[in-house]
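Read off the chains here:
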Amino acid sequence: MAIVTGAGTRSATTAGVGVATAKNFAAHGAKVLLADMDEKAARTTEQTITAAGGEASIFVADVVNESACKALVDAAVERYGRLDILMNSVGIGGAGSPTEVTEETWDRVLDVNLKSMVFISKYAIPEMIKTGGGSIINVSSVDGIRTGMTKNIPYNAAKGGMITVTKAMAVHHGRDNIRVNCIAPGLLYTSMTEAMDDRTRQLRRDIAPLGTEGRAQDIAMAASFLASEEARWITGVLLPVDAGLMAAGPQSIVNNIIDDYEQK
């Protein structure tokens, strides 16, 4: 049984990470509790999963509140009897350099991205311990590792914090047979970024070694692996799923762009 946060469908054409992961978990036989603050969006994902023969239900809440985090975990155990997988994929962006950021943006971004991860885990871990262990997967970002293409200090802080907390959780609960890992998506084209213009999309493709654009499904497949028995000996890992972006330095990025331009 899996909880997936941020699992509501917000686009008719482009999946978000939570949506893609929920569908993939269900396709592999997991019962999925879809957590989202938008009931209509969550219901759309639920209908897609059940139409394909999977099992899912929804839980509507803003998980920035500890009480909602507890209620989410309680609902999962009440409906399905146990909790095996937690996918902390809810997330929002947050713009601003240190001289531009507002307190309101800072608080909201840290609460949605980082606080929710910690407090859902707070209540999920004891339930996993009761049934012999589990897998927690946290969705960070390459912007939590290095400065990205935009000025987004609140997002940097939240996603960097997720990486550090992931490693600590893995150490603290390894003897409980709970594996905790973190995925750092690269420059994906998802429902969060589908309003992006073609020039920006091309630039994002050009700077990665593979020269291709990521999809939410790429993260979903990585999450399904980390949740599976095949990853039984993997914990405390930061896994970039990024077309090789984190392996590249400035010179290699420039060379790739020049080479692509000359070939065209």
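Residues numbered from 1 in each chain as written. Predicted model: local features only at pLDDT ≥ 70, side-chain atom pairs only at ≥ 80, totals over all residues. Heavy atoms only, no water.

Visitor: Run through the pairing of strand 2 (residues 31-36), naming residues and quoting values.
Guide: Burial of strand 2 is extensive: five of the six residues sit out of reach of the surface. Sheet topology places strand 1 (residues 2-5) next to strand 2; four bridges connect them, and they run parallel. By the bridge assignment for strand 2, Val4 is matched with Leu34. When strand 2 meets strand 3 (residues 55-60), the two strands line up parallel, connected through six bridges. (Buried < 20%, exposed > 50% of the residue type's maximum accessible area, 1.4 Å probe, protein only. Helix = DSSP H or I, 4+ residues; strand = E, 2+ residues; numbered from the N terminus. Pairing = 2+ DSSP bridges.)

Visitor: Could you give an account of the packing of aromatic side chains, with specific residues and numbers?
Guide: In the structure shown here, the tally under the stated rule is zero aromatic pairs. Above the ring of Tyr189, the side-chain terminus of Arg201 is found at 3.5 Å from the ring centroid. (Phe/Tyr/Trp six-rings, centres within 6.5 Å; stacked < 30°, edge-to-face > 60°. Lys NZ or Arg CZ within 6 Å of the ring centre and 35° of its normal.)

Visitor: Give me the lowdown on helix 2 (residues 39-51), citing residues and values where you can.
Guide: End to end, helix 2 covers 18 Å across 13 residues, agreeing with the expected 18 Å (1.5 Å per residue, within 8%). Ala41, Ala42, Thr45, Glu46 and Ile49 are the residues of helix 2 that are buried. Each buried residue of helix 2 lies within a common arc of 140° when the element is viewed along its axis, so the set occupies one face. Facing away from the buried side of helix 2, by more than 90 degrees, are the exposed residues Lys40 and Ala51. Looking at the buried positions of helix 2, the neighbouring elements they touch are helix 1 (17-27), strand 2 and strand 3. One side-chain oxygen of the residue at the start of helix 2 lies 3.1 Å from the amide nitrogen of Lys40, identifying that residue as Asp38. (Expected span 1.5 Å × (residues − 1). Arc of directions from axis to C-beta. Contact = heavy atoms within 4.5 Å. Polar contact = N/O pair within 3.5 Å; in protein donor to acceptor, adjacent residues only side chain to side chain.)

Visitor: Please set out the packing of helix 1 against helix 7 (residues 216-227) residue by residue, giving values where relevant.
Guide: Running from amino to carboxyl end, helix 1 crosses helix 7 at an angle of 50°, the nearest separation of the two axes being 8 Å. In terms of their interaxial angle, helix 1 and helix 7 are classed as oblique. Considering only the axes of helix 1 and helix 7, their crossing is right-handed. Packed against helix 1, whose contacting residues are Val17, Ala20, Thr21, Asn24 and Phe25, the element helix 7 presents Ala216, Gln217, Ile219, Ala220, Met221, Ala223, Ser224 and Ala227 at the interface. (Axes fitted to C-alpha atoms, helices over the stretch in contact; angles between N-to-C directions. Parallel < 35°, antiparallel > 145°, perpendicular 65-115°, else oblique. Left-handed = near helix turned anticlockwise from the far one by under 90°.)

Visitor: Could you give me a rundown of the state of the cysteines, with the residues and numbers involved?
Guide: Scanning the entire structure with this criterion turns up zero disulfides. Not part of a disulfide, Cys182 finds its nearest cysteine sulfur in Cys69, a span of 17 Å. Residue classification places Cys182 among the buried residues on the basis of a relative accessible area of 1%. (Disulfide = S-S within 2.5 Å.)

Visitor: I'd like to hear about the side chain of Asn156, residue by residue, with values.
Guide: Along the chain, Asn156 turns up in helix 5 (residues 153-172). From its side chain, Asn156 meets the backbone oxygen of Asp143 in a polar contact 3.0 Å long. Ignoring sequence-local partners within four residues, the contact set of Asn156 consists of Asp143 and Gly144.

Visitor: Pulling in residues and values, what's your account of the sheet that holds strand 3?
Guide: Read across the sheet, seven strands follow the order 3-2-1-4-5-6-7 without closing on themselves; strand pairing throughout is parallel. Edge positions in the open sheet fall to strand 3 and strand 7 (238-241), since each of these has one partner strand only. If you compare each strand with its neighbour and ignore which way they point, the axes differ by 20° on average. In terms of strand pairing, strand 6 (residues 178-185) meets strand 7 through four bridges, oriented parallel. Bridge pairing in strand 7 links Cys182 to Leu238. Helix 2 rests against strand 2 and strand 3 of the sheet, and its axis sits at about 175° to strand 3. The strands touched by helix 5 are strand 4 (85-88), strand 5 (134-139), strand 6 and strand 7; relative to strand 6, the strand with the most contacts, the crossing angle is about 160°.

Visitor: Lay out the pattern of salt bridges in plain terms, naming residues and giving numbers.
Guide: What the rule picks out here adds up to twelve salt bridges. Between Asp84 and Arg82 there is a salt bridge; the shortest N-O distance is 2.8 Å. Residue classification places Asp84 among the buried positions, given a relative accessible area of 19%. For the salt bridge of Glu229 with Arg232, the shortest nitrogen-to-oxygen distance reads 3.8 Å. Since its relative accessible area comes to 60%, Glu229 is described here as exposed. For Arg232, a relative accessible area of 54% corresponds to the exposed category. (Salt bridge = Lys/Arg side-chain N within 4 Å of Asp/Glu carboxyl O.)

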